2 protein chains.
Amino acid sequence: MNRKDIPRIIISRLPVYLRTLQRLQQEGRQTISSQTLGEILGTTAAQIRKDISQFGEFGKQGTGYNIPYLVEQLQHILHLDDIWDVAVVGIGDLGHALARYQGFVDRGFRITALFDNDPEKIGRQIQGLTIEDASLIPSRIPELGIKIAMLTVPVSVAQQTADVLVRAGVRGILNYAPIHLNLPEGVCIEHIDPAIGLQRMTYYIGQRKG
Amino acid sequence: MNRKDIPRIIISRLPVYLRTLQRLQQEGRQTISSQTLGEILGTTAAQIRKDISQFGEFGKQGTGYNIPYLVEQLQHILHLDDIWDVAVVGIGDLGHALARYQGFVDRGFRITALFDNDPEKIGRQIQGLTIEDASLIPSRIPELGIKIAMLTVPVSVAQQTADVLVRAGVRGILNYAPIHLNLPEGVCIEHIDPAIGLQRMTYYIGQRKG
DNA sequence: CTTGATTTGTGATAAAGTTAACAGAAACAC
DNA sequence: GTGTTTCTGTTAACTTTATCACAAATCAAG
Ligand SMILES: NC(=O)c1ccc[n+]([C@@H]2O[C@H](COP(=O)([O-])OP(=O)(O)OC[C@H]3O[C@@H](n4cnc5c(N)ncnc54)[C@H](O)[C@@H]3O)[C@@H](O)[C@H]2O)c1
Ligand SMILES: NC(=O)c1ccc[n+]([C@@H]2O[C@H](COP(=O)([O-])OP(=O)(O)OC[C@H]3O[C@@H](n4cnc5c(N)ncnc54)[C@H](O)[C@@H]3O)[C@@H](O)[C@H]2O)c1
């Protein structure tokens, strides 16, 4: 099991499996077969088995997978044994929504710092956290041991803000600005852009009129 | 050029190309080579050429692609010639941020209806739009000719709300609730879940401590 | 204990996607 | 005008990913 040899596309699917398994666990379910999980997720049993088997033998013939055990294993594989501290940079409408969102903790993340450069916003509180001056990023990020940031600033400053974060020690950025960020090797980047999702759909939906 | 025969993964990349080309166009740039575009996007020239060539010959040897022309062609391919009306369902923190966001129009979408089931929220205005009662979805969606919705309701009601939308004539749903939605054939679905992006990163970033 | 029904993990096979390489068109330099 | 450079579209080779199919393990019922 050499971590880097496992295809990226398999890693991409593990969080999706985990999310569903955690929900099933909360509903009190004990075991599940790859077949049933595939039906819930709209994928195939073979793919789920193959993906999971990259990391060990977590299932049992005749029974399927023990849900709490598999959840634990997936969390371990994804390095979710401990909760990660996360910063949100750019506390506008979107940053505000993220800062107030209660759903991250169960998934392994806790927002522990908020940054903005608008004097009107600096000093205000959201969910008990104070918005700090973005110029403090270089000192505060290492101080708090933060390795992950969500970037919700305007496009015009997204690249430069990302560079500042990386220099401060951030290893992963979840970017909401609709622009591709170029970052050094070793820094992880994920892009979230609703318009891209919408445009993928319109290809298939067809012409607006007609 | 048979639309359905073109691999989904290629379609997925077109909006990313379009987004970048539109920005370059706004900056006044006239042409670009696949090589340069690849560098901007962190991908290869060969892939860009291959993707684009699925739909016709839009480039010119020695020069590259004419940006305004390629933007137009991509918009046409993705059915973005006219602006799509979109509904937002569930006007909490996230729905509110989406409703206020000004960035959709340039990408081909206009938010024209807001729905919620909270009496406190129904009747309020955001950006000149009134939040309507979610029970009116079955009549208002067809009335307004809306084919696309963004779903920002709690997980517990996401599937049932999606079902209502589909029955009302919606053909595509951008789902923000962290749950896989099962929808009939022919309805497009895209999922946005920041926690999944974060968990993909933590696999590579490594253990929190150590 | 045996039989039949499940279900995993995996090697083999098939499908899909990416990369490489190049002919030929266009532009440019002089 | 000629030679050089740039750059596309496309074919073919290669790589990656998905699917299939089955032995072996487990379980439940009688
Ligand atoms: N709101 C949405 O629903 C939505 C949807 C899609 C994409 N986005 C993208 O997300 C980003 C944020 O969107 P928004 O609607 O919250 O915008 P916004 O304008 O409301 O917020 C941006 C915030 O960033 C702050 N900021 C500006 N420069 C900064 C800097 N250098 N350092 C730190 N903070 C800085 C601003 O003060 C502001 O508070 C944008 O890139 C936008 O394109 C937003
Ligand atoms: N806020 C975030 O940053 C964030 C991040 C990731 C995921 N999400 C997900 O997005 C969704 C919305 O998040 P939020 O933070 O805005 O939550 P929220 O609780 O602030 O908003 C939900 C809204 O949906 C409305 N609603 C409830 N039931 C409804 C129904 N049947 N029909 C119509 N409206 C209904 C509520 O009245 C409320 O206004 C949730 O599924 C959440 O898990 C949010």
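See the structure shown above.
Model, not experiment: these values are computed from the prediction.

Student: Just to check I follow, could you spell out the relation of the copies chain A and chain B for this structure?
Tutor: Two copies of one chain are present, and they are related through a rotation about an axis combined with an axial shift. Superposition record for chain A on chain B: RMSD 0.0 Å, screw rotation 180°, translation along axis 0.0 Å. Considering both components of the superposition, the chain copies are consistent with a two-fold axis.

Student: Looking at this structure, how should I read the protein's contact with DNA strand D?
Tutor: What surrounds DNA strand D is a group of 24 residues, the closest being B:Ser34, B:Arg49, B:Gly59, B:Gly62 and B:Tyr65. Among atoms of DNA strand D positioned within 4 Å of the protein, sugar and phosphate together represent 65%. Within the contact set of DNA strand D, a phosphate oxygen lies 3.4 Å away from a side-chain nitrogen or oxygen of A:Thr44. Separating a base oxygen of DNA strand D from a side-chain N or O atom of B:Gln61 is a distance of 3.2 Å.

Student: Can you walk me through the environment of A:Ile40 in this structure?
Tutor: Turning to its location among the elements, A:Ile40 is positioned in helix H2 (residues 34-41). A:Ile40 sits 131 residues away from A:Arg171 along the chain, and the two C-alpha atoms are 33 Å apart. Apart from residues lying up to four places away in sequence, A:Ile40 is in contact with A:Thr20, A:Arg23, A:Leu24, A:Ile32, B:His180 and B:Asn182.

Student: Explain the packing of helix H2 (residues 34-41) of chain B against helix H3 (residues 45-53) of chain B here, please?
Tutor: The packing of two helices is summarised by the inter-axis angle and the distance between the axes. Residues and elements named next belong to chain B. Following both chains from N to C, one finds H2 and H3 inclined at 110°, their axes separated by 8 Å at the closest point. For the element pair H2 / H3, the angle class is roughly perpendicular. Two packed elements cross with a definite hand, and for H2 against H3 that hand is right-handed. Counted together, Ser34, Gln35, Leu37 and Gly38 of H2 and Ala45, Ile48 and Arg49 of H3 form the full contact between these two elements. Looking at the contact of H2 with H3 residue by residue, the class counts come to 3 nonpolar, 3 polar and 1 charged.

Student: It is not clear to me how the packing of aromatic side chains should be interpreted in this structure. Could you clarify?
Tutor: Working definition: an aromatic ring pair is given by the centre-to-centre distance plus the angle between the planes. Scanning all chains against the criterion turns up 6 aromatic pairs over all chains. Between A:Tyr203 and A:Tyr204, the aromatic rings sit 4.9 Å apart at their centres with planes inclined by 85°, giving edge-to-face as the arrangement. Here A:Arg8 stacks its cationic end above the ring of B:Tyr204, 4.9 Å away from the centre of that ring.

Cut-off values and rules
Residues numbered from 1 in each chain as written. Chains lettered and ligands numbered in written order. Predicted model: local features only at pLDDT ≥ 70, side-chain atom pairs only at ≥ 80, totals over all residues. Heavy atoms only, no water. Least-squares fit on C-alpha atoms with pLDDT ≥ 70 in both. Near = heavy atom within 4 Å. Polar contact = N/O pair within 3.5 Å; in protein donor to acceptor, adjacent residues only side chain to side chain. Helix = DSSP H or I, 4+ residues; strand = E, 2+ residues; numbered from the N terminus. Contact = heavy atoms within 4.5 Å. Axes fitted to C-alpha atoms, helices over the stretch in contact; angles between N-to-C directions. Parallel < 35°, antiparallel > 145°, perpendicular 65-115°, else oblique. Left-handed = near helix turned anticlockwise from the far one by under 90°. Nonpolar A, V, L, I, M, F, W, Y, C, P; charged D, E, K, R; others polar. Phe/Tyr/Trp six-rings, centres within 6.5 Å; stacked < 30°, edge-to-face > 60°. Lys NZ or Arg CZ within 6 Å of the ring centre and 35° of its normal.

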